[in-house]
Amino acid sequence: MYVVVNAGMSADGKLSDRTRSQVALSCEDDFERVDRLRAETDAILVGVGTVLADDPSLTVKDDRLRAEEGNPVRVVLDSSARTPVDASVLDGEAETVVAVTDETSGDSLDAPRERTTVVELPGDDGRVDLHALLDELSRRGVEHLMVEGGGETIASFLSAGVVDEVRVYVAPVFVGGRESPTLVDGEGFVEYVEATVNEVKPLGEGVVLRYIIE
Ligand SMILES: NC(=O)c1ccc[n+]([C@@H]2O[C@H](COP(=O)([O-])OP(=O)(O)OC[C@H]3O[C@@H](n4cnc5c(N)ncnc54)[C@H](O)[C@@H]3O)[C@@H](O)[C@H]2O)c1
Ligand SMILES: Nc1nc(=O)c(N)c(NC[C@H](O)[C@H](O)[C@H](O)COP(=O)(O)O)[nH]1
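This section reports on the structure supplied with the text.

Analysis parameters
- Residues numbered from 1 in each chain as written.
- Chains lettered and ligands numbered in written order.
- Predicted model: local features only at pLDDT ≥ 70, side-chain atom pairs only at ≥ 80, totals over all residues.
- Heavy atoms only, no water.
- Helix = DSSP H or I, 4+ residues; strand = E, 2+ residues; numbered from the N terminus.
- Near = heavy atom within 4 Å.
- Polar contact = N/O pair within 3.5 Å; in protein donor to acceptor, adjacent residues only side chain to side chain.
- Areas by Shrake-Rupley, 256 points an atom, 1.4 Å probe, with all protein chains shown as cover.
- 1 Å grid on protein atoms, 1.4 Å probe; cavity = no way out; pocket = protein on both sides within 12 Å on 5 of 7 lines; lining within 4 Å.
- Points joined across faces, edges and corners; volume = space filled by probe spheres on them.
- Nonpolar A, V, L, I, M, F, W, Y, C, P; charged D, E, K, R; others polar.
- Pairing = 2+ DSSP bridges.
- Axes fitted to C-alpha atoms, helices over the stretch in contact; angles between N-to-C directions.
- Contact = heavy atoms within 4.5 Å.
- Sits in = over half its atoms within 2 Å of the grid points.
- Salt bridge = Lys/Arg side-chain N within 4 Å of Asp/Glu carboxyl O.
- Buried < 20%, exposed > 50% of the residue type's maximum accessible area, 1.4 Å probe, protein only.

### Structural notes on the environment of M1
Piece 1. The topology assignment puts M1 in the segment before strand 1 (2-10).
Piece 2. Sequence separation between M1 and S138 is 137 residues; the distance between their C-alpha atoms is 7.1 Å.

Structural data, given as structure tokens:
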């Protein structure tokens, strides 16, 4: 499976500010780039932290693109079944897979909404085992996965060694704050993840960077 991480960050690497609420760092042109990427992909994944903070719908916004390509499957990494039943990702607009661990009761998701599947996977220290998840998604026909965040999820994917590319829009703004989520959170790597720069492209007032993970 080909895995692309995509995010919009500040010039100091933050995905949001100290409130951890949804902050639009991407410019309009970048949100259009993200929409095209969503349309090209088979599935979009976020962690439940992003569902709780942003309540994203993870659908293709452009009507023509959506008519041509359809919406990708939405995937939520949700070790302990915290996805609210009224979350936008459960609105039935596209198929949704909520990945919980086998340590979870899954109570709040006992009555899955329309087009929602709860998948129980092995847990790894309270987290969904990503290799097991990717195997499950492959069985469901996913060949191209887009990871939209947040920082804990991106760290987990990089740590598991399953990321092929990182694409990031860097906005010309400094957000600051040691509590502000960054592109890669988690514990930090003992062995750094190395990458090569594949593309540097000005977009709006910012720049899109594309890294290939070695
Ligand atoms: N600017 C952007 O592009 C962008 C994109 C997405 C999110 N965000 C921001 O990021 C913040 C949320 O990020 P976050 O890091 O708190 O949460 P997250 O979205 O990365 O979710 C993390 C949660 O997912 C669950 N999880 C299950 N299995 C996991 C695994 N294997 N690895 C990691 N997590 C796993 C855990 O409950 C964990 O607490 C919010 O502030 C949001 O606004 C910004
Ligand atoms: N690329 C990007 N740039 C940003 O500045 C930003 N805040 C996000 N954040 C990802 C997050 O999950 C958002 O909430 C969705 O980009 C909104 O998704 P919807 O339109 O609801 O589908 N992503």
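### Concerning the site of ligand 1
Piece 1. Taken together, 26 residues surround ligand 1, and among them G8, T50, D54, T153 and S156 come closest.
Piece 2. A distance of 2.7 Å separates an oxygen atom of ligand 1 from a polar atom in the side chain of T50.
Piece 3. Contact between ligand 1 and R82: an oxygen atom at 3.3 Å from a side-chain N or O atom of the residue.
Piece 4. Against a free-state accessible area of 860 Å², the protein chains account for coverage of 90% of ligand 1.

### Focus on the layout of surface pockets
Piece 1. Estimates place the volume of the largest pocket at around 1200 Å³.
Piece 2. Forming the boundary of the largest pocket are 48 residues, of which T50, D54, E148, G149 and G150 lie nearest the centre.
Piece 3. When contributions to the lining of the largest pocket are tallied by element, the ones reaching two or more residues are strand 1, helix 1 (28-40), strand 2 (43-47), helix 2 (48-54), strand 7 (127-128) and helix 5 (151-159).
Piece 4. For the lining of the largest pocket, the leading source of residues is helix 1, giving six residues.
Piece 5. Across the lining of the largest pocket, the residue classes tally to 17 nonpolar, 18 polar and 13 charged.
Piece 6. Here the second largest pocket defines a volume of roughly 440 Å³.
Piece 7. Lining the second largest pocket are 17 residues, and of these D124, R127, A155, S156 and S159 sit closest to its centre.
Piece 8. Elements with a minimum of two residues in the lining of the second largest pocket: strand 7, helix 4 (130-139) and helix 5.

### Overview of the sheet that holds strand 1
Piece 1. Reading across the sheet, the nine strands line up as 5-4-3-2-8-1-9-11-10 and stay open at both edges, with mixed pairing between neighbours. Single-partner strands in this sheet number two, and they are strand 5 (116-121) and strand 10 (195-203). Averaged over all neighbouring strand pairs, the angle between strand axes comes to 20°, with direction disregarded.
Piece 2. Lying over the sheet, helix 1 contacts strand 1, strand 2, strand 8 (144-147), strand 9 (165-171), strand 10 and strand 11 (206-213), oriented at roughly 160° with respect to strand 9.
Piece 3. Its contacts with the sheet put helix 5 on strand 1, strand 2, strand 3 (73-77), strand 8, strand 9 and strand 11, and the angle it makes with strand 8 is roughly 135°.

### Overview of the site of ligand 2
Piece 1. Around ligand 2, 19 residues are found, and the nearest of them are Q22, L25, S26, R38 and K61.
Piece 2. The separation between an oxygen atom of ligand 2 and a polar side-chain atom of D54 is 3.3 Å.
Piece 3. For ligand 2, whose accessible area on its own is 520 Å², the fraction buried by protein is 86%.
Piece 4. Because more than half of its atoms lie within 2 Å of the grid, ligand 2 is assigned to the largest pocket.

### Some thoughts on the pattern of salt bridges
Piece 1. Tallied over the full model, the rule gives 11 salt bridges.
Piece 2. Residue E152 pairs with R127 through a salt bridge whose shortest N-O separation is 3.6 Å. With a gap of 25 residues between them, E152 in helix 5 and R127 in strand 7 connect regions that are remote in the sequence.
Piece 3. In this structure, E165 engages R167 in a salt bridge whose closest nitrogen and oxygen atoms are separated by 2.7 Å. The residues E165 and R167 share a single accessibility class, namely buried.

### Some words on the side chain of E136
Piece 1. Residue placement: E136 occurs in helix 4.
Piece 2. A polar contact of 3.0 Å, which involves the side chain of E136, links it to the side chain of R139.
Piece 3. In this structure, E136 is in contact with V119 and L121, ignoring residues within four places of it in sequence.

### Regarding the environment of K201
Piece 1. Among the secondary structure elements, K201 is positioned in strand 10.
Piece 2. Measuring from C-alpha to C-alpha, the distance between K201 and D91 comes to 35 Å, with 110 residues separating the pair along the chain.
Piece 3. Setting aside its immediate chain neighbours within four residues, K201 contacts V207 and V208.

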